[in-house]
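Coordinates in review
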Amino acid sequence: GVRDSSQPIFTSNVITNGEGSGIVLLGDAGGVYEGNTVTKNKCAGIGLKGRAHALFENNQVSHNEGYGVWLQDNARGTFQHNTVEDNSMAGISVNNHAAPMVQHNSIKHGKQVGLLLQHNASGTFAHNSVTGNKAANVLLMGNSHSVVAHNRISGSPGGGVLIRG
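Worth saying up front: this structure is predicted, and the values here are computed from it rather than measured. (Residues numbered from 1 in each chain as written. Predicted model: local features only at pLDDT ≥ 70, side-chain atom pairs only at ≥ 80, totals over all residues. Heavy atoms only, no water.)

Here the focus is the sheet that holds strand E3 (residues 23-25). The strands that make up a sheet are held in pairs by hydrogen bonds between backbone atoms, and each pair lies either parallel or antiparallel. As summarised here, the arrangement of the seven strands in space is E3-E6-E9-E12-E15-E18-E21, forming an open sheet in which the pairing is parallel. Looking along the sheet, the strands with just one partner apiece sit at the ends: E3 and strand E21 (161-163). Each strand of the sheet is rotated relative to its neighbour by a mean of 10 degrees, with strand direction disregarded. Examined bridge by bridge, E3 and strand E6 (residues 46-49) share three bridges and lie parallel to one another. Within the sheet, the bridge partner assigned to Val24 lies in E6 and is Gly47. (Pairing = 2+ DSSP bridges. Helix = DSSP H or I, 4+ residues; strand = E, 2+ residues; numbered from the N terminus. Axes fitted to C-alpha atoms, helices over the stretch in contact; angles between N-to-C directions.)

Both faces of the sheet carry side chains from a regular strand, because those side chains alternate between them. Within strand E15 (residues 113-117), five of the five residues are buried, leaving the element largely enclosed by the surrounding structure. Pairing of strand E12 (residues 92-94) with E15, which is carried by three bridges, proceeds in the parallel orientation. Its bridge partner lying in E15, Ile92 is registered against Leu115. Note that E15 and strand E18 (residues 136-140) share four bridges and pair parallel. Paired with Val113 across the bridge in E18 is Ala136. (Buried < 20%, exposed > 50% of the residue type's maximum accessible area, 1.4 Å probe, protein only.)

Position of Glu34 among the secondary structure elements: in strand E4 (residues 32-34). Along the backbone, Glu34 and Ala44 are 10 residues apart, and their C-alpha atoms lie at a distance of 17 Å.

As summarised here, the arrangement of the seven strands in space is E2-E5-E8-E11-E14-E17-E20, forming an open sheet in which the pairing is parallel. Edge positions in the sheet fall to strand E2 (14-16) and strand E20 (152-154), since each has one partner strand and no second. With strand direction ignored, the average angle separating the axes of adjacent strands in the sheet is 5 degrees. Alignment of strand E11 (residues 83-85) against strand E14 (residues 106-108), held across three bridges, turns out to be parallel. The partner of Val84 across the bridge, within E14, is Ile107.

Assignment of secondary structure puts Gly20 in the loop between E2 and E3. By relative accessible area, which is 26% here, Gly20 ends up partly exposed. The spacing of Gly20 and Met89 is 69 residues in sequence and 14 Å in space, taken between C-alpha atoms. Residues within four places of Gly20 in sequence aside, it is in contact with Asn41, Lys42, Cys43 and Ala44. (Contact = heavy atoms within 4.5 Å.)

The next subject is the side chain of Gln80. Mapping Gln80 onto the fold places it in strand E10 (residues 78-80). Setting aside residues no more than four positions away along its own chain, Gln80 makes contact with Leu55, Phe56, Glu57, Asn58, Gln103, His104 and Asn105.

You can see Thr39 is positioned in strand E5 (residues 37-39). Judged by relative accessible area, which is 11%, Thr39 ranks as buried.

Taken as a whole and judged by the stated rule, the model has three aromatic pairs. Seen from their ring centres, Tyr33 and Phe56 are 4.7 Å apart, and the 10 degrees between their planes marks the pair as stacked. Placement of Tyr33 in strand E4 and of Phe56 in strand E7 (residues 55-57) is noted, with a sequence separation of 23 residues between them. No difference in accessibility class separates Tyr33 from Phe56, as the two residues are buried. (Phe/Tyr/Trp six-rings, centres within 6.5 Å; stacked < 30°, edge-to-face > 60°.)

Note on placement: Val2 falls in the segment before strand E1 (9-11). Put simply, Val2 and Ala52 are 50 residues apart on the chain and 9.2 Å apart in space, counted from C-alpha to C-alpha. When residues no more than four places from it in sequence are discounted, the contact partners of Val2 are Pro8, Val24, Leu25, Leu26, Ala29 and Tyr33.

Rendered as structure tokens:
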């Protein structure tokens, strides 16, 4: 994983078949992650924890056994123009005061929820296409304070948007 205050530029890599997560940022880690393929990992494709923050752009995150993208514990970051598809858990999961900017992404065909915002999640989720996820496309719960605007949300057998207190 990327730790502390590291700020790498990570482009055009294939991260696959890992026993853990594909890319993990911890502490104050950041950087730029562009044009990578993150697939078939045992845990999350991409994970940010702590005060981690980075730019993730034009990545393909698919077929991971955990979340496609997972943010928690005050993590930030910008995720734009990524394709997140066919992951076993939520396509993008945000919780425990994490607050990313998620825009212009395709989040589709997940085995559970497309976009999961829970446990004091915040952030902005705009201009995304969230389609065809099994459980629901968007689930907000547990005191989430997020802005969800201008998204295309369609085609889920479990519902479009579910909000639980």
